[in-house]
Amino acid sequence: MQDLLPLCASSDLVDGGRAVPFDVVFAGMTCRAFAVRFQGQVHAYLNRCTHIAMELDYQPDRFFDDTGNWLLCATHGAAYRPDTGECAGGPCRGGLVKIELSESGGVVRWHTAWNLQPLAF
Ligand code: FES
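Since the structure is predicted, the reported quantities are computational estimates derived from the model, not experimental observations.

1. A short note on the sheet that holds strand 6 (residues 79–80)
Reading across from one edge, 5-6-7 is the order of the three strands in this open sheet, with antiparallel pairing throughout. The open sheet is flanked by strand 5 (71–72) and strand 7 (87–89), the only strands paired with a single partner. Strand direction decides the pairing type here: strand 5 and strand 6, joined by two bridges, are antiparallel. Bridged to L72 within strand 6 is A79.

2. A look at the state of the cysteines
Scanning the model with the defined rule gives one disulfide in all. Put simply, C87 and C92 are joined by a disulfide, and their sulfur atoms are 2.0 Å apart. Handedness here is read from the sign of the S-S torsion; for C87 and C92, about 65°, the answer is right-handed. By relative accessible area, C87 is classed as partly exposed at 27%. By relative accessible area, which is 10% here, C92 ends up buried. Between C31, a free cysteine, and C49, which holds the nearest cysteine sulfur, the sulfur-to-sulfur gap is 14 Å.

3. Digging into the pattern of salt bridges
All told, the structure shown has three salt bridges when counted by the stated rule. With a closest N to O distance of 2.7 Å, R32 and E55 form a salt bridge. Note that R32 is positioned in strand 3 (residues 29–38) and E55 in the loop between strand 4 (41–46) and strand 5, a separation of 23 residues in sequence. Its relative accessible area of 28% is what places R32 among the partly exposed residues. On the accessibility criterion, E55 (38% relative accessible area) is partly exposed. Among the ionic pairs, R37 bridges to E103, the shortest N-O distance being 2.8 Å. Note that R37 is positioned in strand 3 and E103 in strand 9 (residues 101–104), a separation of 66 residues in sequence. Of the residues examined, R37 reaches a relative accessible area of 11% and is grouped as buried.

The rules behind the values
- Residues numbered from 1 in each chain as written.
- Predicted model: local features only at pLDDT ≥ 70, side-chain atom pairs only at ≥ 80, totals over all residues.
- Heavy atoms only, no water.
- Pairing = 2+ DSSP bridges.
- Helix = DSSP H or I, 4+ residues; strand = E, 2+ residues; numbered from the N terminus.
- Disulfide = S-S within 2.5 Å.
- Buried < 20%, exposed > 50% of the residue type's maximum accessible area, 1.4 Å probe, protein only.
- Salt bridge = Lys/Arg side-chain N within 4 Å of Asp/Glu carboxyl O.

Any link to function would need more than the numbers given here.
Printed below as a string of structure tokens:
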């Protein structure tokens, strides 16, 4: 079953700007995730580098490189495409785990999946 859960306001995500962090349970483990806007569209991924399972951002919520075209892992420089999470260079192996988002009425929502659930409160 898929649920749509409110994540943030549309205006919180600026093209190439700061990410909005959120927490998910992925495959039974609590993980950090983040949402960004790139070329007008919203995208979200687990905050986990595919090189070594480390968080990508060394400064909170900053993932884009200076050009605003790549999501970078601050540790060893793996680069990912903001729209697909695909590995584009550096030591990454495979792409980031993508989380489906939708945007309507000024609200961004994330979609749960069989292996992706909200934290239990
Ligand atoms: S941990 Fe991300 S590039 Fe090595």
